[in-house]
Amino acid sequence: MPIRIGLVPTTAEGRWRFALKPKSWPKLLVPFLLGQGIGIDATGSVSTVGLALAFAFTVLDIVFVVTLNDWGDREVDAIKRRMFPHTSPKTIPDGVLPAPSLLRAGLLAGVLAIALAAVAQAFFARPYAVPFVLAALGLFVAYTLPPLRLNYRGGGEIVEAIGVGVVLPWLTAYLQSGRLWMPSLDVLPGFALLSLAGAIASGLSDERSDRAGGKRTFVTTLGNPSARWLMIACVVLGGATWLATAWLGHGTPRVVLLGAGSLALMRLASLVALSREALTDAFTAQHALKTELHRAIWEPGLVIAALLAFGPLLGL
């Protein structure tokens, strides 16, 4: 059955905007800002060069991830469109853009990201920029592209949590500060656990099509109910990790960690309530659950970023 008229843009600009999925960008922009906060906290000042380098890499990383993920998932996306013809269109199966165009855009973004790292390493005293960027890009390659293709073989959610929750904020903190190790990196274990919750939740709406396409995700392996409870457990563990780190008190100011942990755990009751309705193929309920989960992840991340960046002004 054809998709509804008007869902697919008709202009080239509109098609690329659709393919780049700007509504998904906070998933990487929040770690970018978190990394900036960590880097600024480490040096006590803002490097405009570091900010520009980190932002440019994040934008290139977004293009790299979004386009190549659609290219790598084109077959299972086609399965979902056949199974659920009235759901949102997919970039390649619905002819928004051809697969080769997405592949070229993704590869170009990756090459430019490596070139940017080379510039940072050669001219801006960031000696580990190239290996750091290669590690960040390599995680995504392992996630979605052959030969590893962990998003199909199993473990993709863990790779995503490491990439989004640890590597990206650490990399952008390094580009901001020029330092490889910073005291406030102790916020990352809690953020990684919350990122794992987000990665698990992203598979809920694709459960049946992923299973039909041979993808091994937490949802297809454990089933919808167990995956939802595991997602909530990750939120609890993430918030609790921030509270425990505050109790240890060796890096990030305690008030920052206590605030972030409390913000994440405050969403717990609503997440549990929304989770009860997010059954298999209940796409509207799943969307509501993921929206609330994003608040539980992104709001604490932004609060940490702001408090670390402006901590001296606030007396922290």
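Model, not experiment: these values are computed from the prediction. (Residues numbered from 1 in each chain as written. Predicted model: local features only at pLDDT ≥ 70, side-chain atom pairs only at ≥ 80, totals over all residues. Heavy atoms only, no water.)

### Focus: the overall build of the protein chain
Note the following rule: Strands are runs of DSSP state E lasting at least two residues, helices are runs of H or I lasting at least four, and both sets are numbered from the N terminus onward. Values of the radius of gyration come from C-alpha atoms, whereas the globule rule sets the reference at 2.2 Å times the count of residues to the power 0.38. Burial classes follow relative accessibility: with a 1.4 Å probe on protein chains only, a residue under 20% of its type's maximum area counts as buried, one over 50% as exposed, and anything between as partly exposed. By definition in these notes, contact holds between two residues if any of their heavy atoms fall within 4.5 Å.
Secondary structure summary: the protein chain contains 16 helices and zero strands in total. For 316 residues, the compact-globule formula gives about 20 Å, and the C-alpha radius of gyration of the protein chain, at 20 Å, lands near that figure. In terms of overall dimensions, the protein chain has C-alpha extents of about 60 × 45 × 35 Å along its principal axes. Split into buried and exposed, the 316 residues of the protein chain put 49% on the buried side. Across the protein chain, the fraction of contacts at a sequence separation of at least 24, relative to all contacts at a separation of at least 6, is 72%.

### Quick notes on the pattern of salt bridges
Definition in use: Salt bridge, as used here, is a side-chain nitrogen of Lys or Arg placed within 4 Å of a carboxyl oxygen of Asp or Glu.
In total, this model carries 12 salt bridges according to the counting rule given. Taking the shortest distance from any N to any O, the salt bridge between Asp70 and Lys21 comes out at 2.4 Å. In this pair, Asp70 sits in helix α3 (residues 48–72) while Lys21 sits in the loop between α1 (12–20) and α2 (26–43), placing the two residues 49 residues apart along the sequence. One salt bridge in this structure joins Asp210 and Lys215, with 3.9 Å as the shortest N-O distance. By the burial criterion, Asp210 is buried, and Lys215 matches it.

### A short note on unusual backbone geometry
The omega angle of the peptide bond from Pro146 to Pro147 is 5 degrees, so this bond is cis rather than trans. Here the phi dihedral of Arg149 falls at roughly 45 degrees; this positive angle occurs in a residue that is not glycine. Tracing the chain through its elements places Arg149 in the loop between α6 (129–144) and α7 (150–153). For Arg149, a relative accessible area of 25% puts it in the partly exposed group. Backbone geometry at Asp281 places phi at a positive 70 degrees, although glycine is not the residue there. If you trace the backbone, Asp281 turns up in the loop between α14 (268–275) and α15 (283–309).

### Here we look at the nonpolar core
Spelled out, the test is: Residues belong to one nonpolar core when they are buried, are Ala, Val, Leu, Ile, Met, Phe, Trp, Tyr or Cys, and are joined through side-chain atoms within 4.5 Å.
Ile38, Val187, Met231, Trp242, Leu293 and Ile304 are the most contacted members of the largest nonpolar core, which totals 40 residues. Of all the elements in the fold, those that place two or more residues in this core are α2, α8 (156–177), α9 (188–202), α11 (218–222), α12 (224–248), α13 (254–266), α14 and α15. Not counting residues within four places of it along the chain, the set of residues in contact with Met231 comprises Ala197, Ile200, Ala201, Leu289 and Leu293. Core analysis: the second largest hydrophobic core is formed by 38 residues, Phe140, Tyr143, Leu145 and Leu168 among them.

### Regarding helix α5 (residues 99–123)
Note the following rule: By definition here, a helix of n residues has an expected span of 1.5 Å times n minus one.
For α5, built from 25 residues, the straight-helix expectation of 36 Å at 1.5 Å per residue is met to within 8% by its first-to-last C-alpha distance of 36 Å. Those residues of α5 that are buried lie in contact with α1, α3, α4 (74–83), α6 and α8. With its phi angle positive at about 55 degrees, Ala125 sits one or two positions after the end of α5.

### Re the environment of Leu302
For Leu302, the location among the structural elements is in helix α15. Taking relative accessible area as the criterion, Leu302 reaches 38% and is therefore assigned partly exposed. Setting aside its immediate chain neighbours within four residues, Leu302 contacts Val30 and Leu33.

### Some remarks on the environment of His250
Assignment of secondary structure puts His250 in the loop between α12 and α13. The exposure class of His250 is exposed, given its relative accessible area of 72%. Note: C-alpha distance between His250 and Glu207 (43 residues apart in sequence) is 42 Å.

### Considerations on the packing of aromatic side chains
Which entries qualify depends on this criterion: Classification of ring pairs rests on two measures: the distance between centres of Phe, Tyr or Trp rings, Trp counted by its six-membered ring, which must be within 6.5 Å, and the angle between planes, read as stacked under 30 degrees, edge-to-face over 60 and tilted in between.
Under the definition given, this model contains eight aromatic pairs. Their ring planes at 85 degrees and their centres at 5.1 Å tell us that Phe84 and Phe283 sit as a pair that is edge-to-face. Of this pair, Phe84 sits in the loop between α4 and α5 while Phe283 sits in helix α15; the two residues are 199 residues apart in sequence, bridging distant segments of the chain. Residue classification places Phe84 among the buried positions, given a relative accessible area of 12%. Ring centres 6.0 Å apart and planes at 75 degrees place the aromatic pair Phe132 and Trp170 in the edge-to-face group. Here Phe132 is found in helix α6, whereas its partner Trp170 is found in helix α8, with 38 residues between them in sequence.

### Here we look at the confidence of the model for the protein chain
The test is simple: Per-residue confidence from the predictor is reported as pLDDT, a score between 0 and 100.
Mean pLDDT over the protein chain: 94, with 96% of residues reaching 70 or higher. Across the protein chain, the secondary-structure element scoring lowest on mean pLDDT is helix α16 (residues 311–314), at 66, and the one scoring highest is α9, at 98. Between residues 1–6, whose pLDDT stays under 50, and residues either more than four places distant or in other chains, the model counts eight contacts.

### Looking at empty space enclosed by the protein
One way to see where empty space is left: roll a probe the size of a water molecule over the atoms. Short version of the rule: In this analysis the probe radius is 1.4 Å and the grid spacing 1 Å, with only protein atoms considered; a cavity is a set of points the probe fits into but cannot get out of, a pocket is an open set with protein on both sides within 12 Å along at least five of seven lines, and lining residues have an atom within 4 Å of a point. Grid points are joined across faces, edges and corners, and a volume is the space filled by probe spheres set on the points. Throughout this entry, Asp, Glu, Lys and Arg are counted as charged residues, while Ala, Val, Leu, Ile, Met, Phe, Trp, Tyr, Cys and Pro are counted as nonpolar. The remaining residues, Gly among them, count as polar.
Scanning the model with the defined rule gives one cavity of 30 Å³ or more in all. Computed from the structure, the largest cavity encloses a volume of approximately 30 Å³. In terms of lining, the largest cavity is formed by Leu53, Phe57, Ala113, Leu116, Ala117, Ala120, Val133 and Leu175. Looking at the lining of the largest cavity residue by residue, the class counts come to eight nonpolar, no polar and no charged.

### Re the side chain of Thr245
Under the convention used in this document: Counting of polar contacts relies on pairs of N or O atoms within 3.5 Å, with two restrictions inside protein: one atom must be capable of donating a hydrogen and the other of accepting it, and residues adjacent in sequence are counted only when both atoms are side-chain atoms.
Tracing the chain through its elements places Thr245 in helix α12. A polar contact is formed between the side chain of Thr245 and the backbone oxygen of Thr241, at a distance of 2.7 Å. Residues in contact with Thr245, not counting those within four places in the same chain, are Asp186 and Leu257.

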